[in-house]
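Spelled out from the first residue to the last, the chains are:
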Amino acid sequence: MPLVNPLHADHDLETKALADFFNETLGFCPNSVLTMQHRPAISKAFINLNKAVMANEGKVTSALKRMIAWVSSNATGCRYCQAHAIRAAERYGAEQEQLDNIWDYKTHPAFSDAERAALDFSLAASQVPNAVDETIKTELYKYWNEGEIVEMLGVISLFGYLNRWNDSMATTLEHDAIDSGKQHLGKHGFEVGKHDGSKY
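So, here is what we can say about the structure in this document. (Residues numbered from 1 in each chain as written. Predicted model: local features only at pLDDT ≥ 70, side-chain atom pairs only at ≥ 80, totals over all residues. Heavy atoms only, no water.)

So, the nonpolar core
Piece 1. Of all hydrophobic cores here, the largest spans 59 residues; its most connected members are Ile-68 and Trp-144.
Piece 2. Top contributing element to this core by residue count: helix α10 (residues 146-169), with nine residues.
Piece 3. Excluding residues within four positions of it along the chain, Trp-144 makes contact with Lys-59, Val-60, Leu-64, Ala-114, Glu-115, Ala-117, Ala-118, Ile-149 and Met-152. (Core = buried A, V, L, I, M, F, W, Y, C linked by side-chain atoms within 4.5 Å. Buried < 20%, exposed > 50% of the residue type's maximum accessible area, 1.4 Å probe, protein only. Helix = DSSP H or I, 4+ residues; strand = E, 2+ residues; numbered from the N terminus. Contact = heavy atoms within 4.5 Å.)

Focus on helix α8 (residues 113-126)
Piece 1. Given a rise of 1.5 Å per residue, 14 residues ought to cover 20 Å, and the 20 Å separating the end C-alpha atoms of α8 matches this to within 8%.
Piece 2. Residues Ala-114, Glu-115, Arg-116, Ala-117, Ala-118, Leu-119, Phe-121, Ser-122, Ala-124, Ala-125 and Ser-126 constitute the buried set of α8. (Expected span 1.5 Å × (residues − 1).)

Details of the side chain of Ser-32
Piece 1. Tracing the chain through its elements places Ser-32 in helix α3 (residues 31-36).
Piece 2. You can call Ser-32 buried: its relative accessible area is 4%.
Piece 3. Beyond its immediate chain neighbours, meaning those up to four positions away, Ser-32 contacts Tyr-80, Trp-165, Asn-166 and Thr-171.

A closer look at the environment of Ala-52
Piece 1. Here Ala-52 shows up in helix α4 (residues 40-54).
Piece 2. Placed 102 residues apart in sequence, Ala-52 and Gly-154 show a C-alpha to C-alpha distance of 8.9 Å.

What to know about the packing of helix α6 (residues 79-91) against α10
When two helices pack together, their arrangement is given by the angle between the helix axes and by the axis-to-axis distance.
Piece 1. Contact geometry for α6 and α10: axes closest at 8 Å, N-to-C directions at 130°. Between α6 and α10, the crossing angle belongs to the class labelled oblique. Residues Arg-79, Tyr-80 and Cys-81 of α6 form the contact with α10, whose participating residues are Phe-159, Leu-162, Asn-163, Asn-166 and Asp-167. (Axes fitted to C-alpha atoms, helices over the stretch in contact; angles between N-to-C directions. Parallel < 35°, antiparallel > 145°, perpendicular 65-115°, else oblique.)

Set out below in structure tokens:
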């Protein structure tokens, strides 16, 4: 069971209106947002930050942003966010071969060198202690400008918040997200774990 139960979607109408954003990205309003609305200022601020971070203003595509989110969530071990990120990547047009081989992005031919640089950045920035170094920086600047790097780190930082929120809350994973996790991540042992609402 989650640490704190999510509230009904109608609990805060301002949050509900903002949460329409997630109907596009995921096909549903996530339980994490429904839990945040115990303090509506948090849920509203989070949704607005999410919308700003995920806006496309350069070459960093919506699909790549969600793959960056997946790599970050994989580094921290948050199954809830892994399932959401891979589902959103699918909905935003990531290639099937990339979805099926995201674990092997470093070597799989479905990923370009520019994508590898972005995903390596996500992995390094999500580790504790932080592993962003001159090598990561050099590779990033081969393919991306400063604004695009800011967009990437926005995604990584947003998911740093979400990984801690959802793993600490044991947020219940929604059925559609479970299906996406099993479909694309199952061959590597994806499990719902603490995010199964009937456990813990």
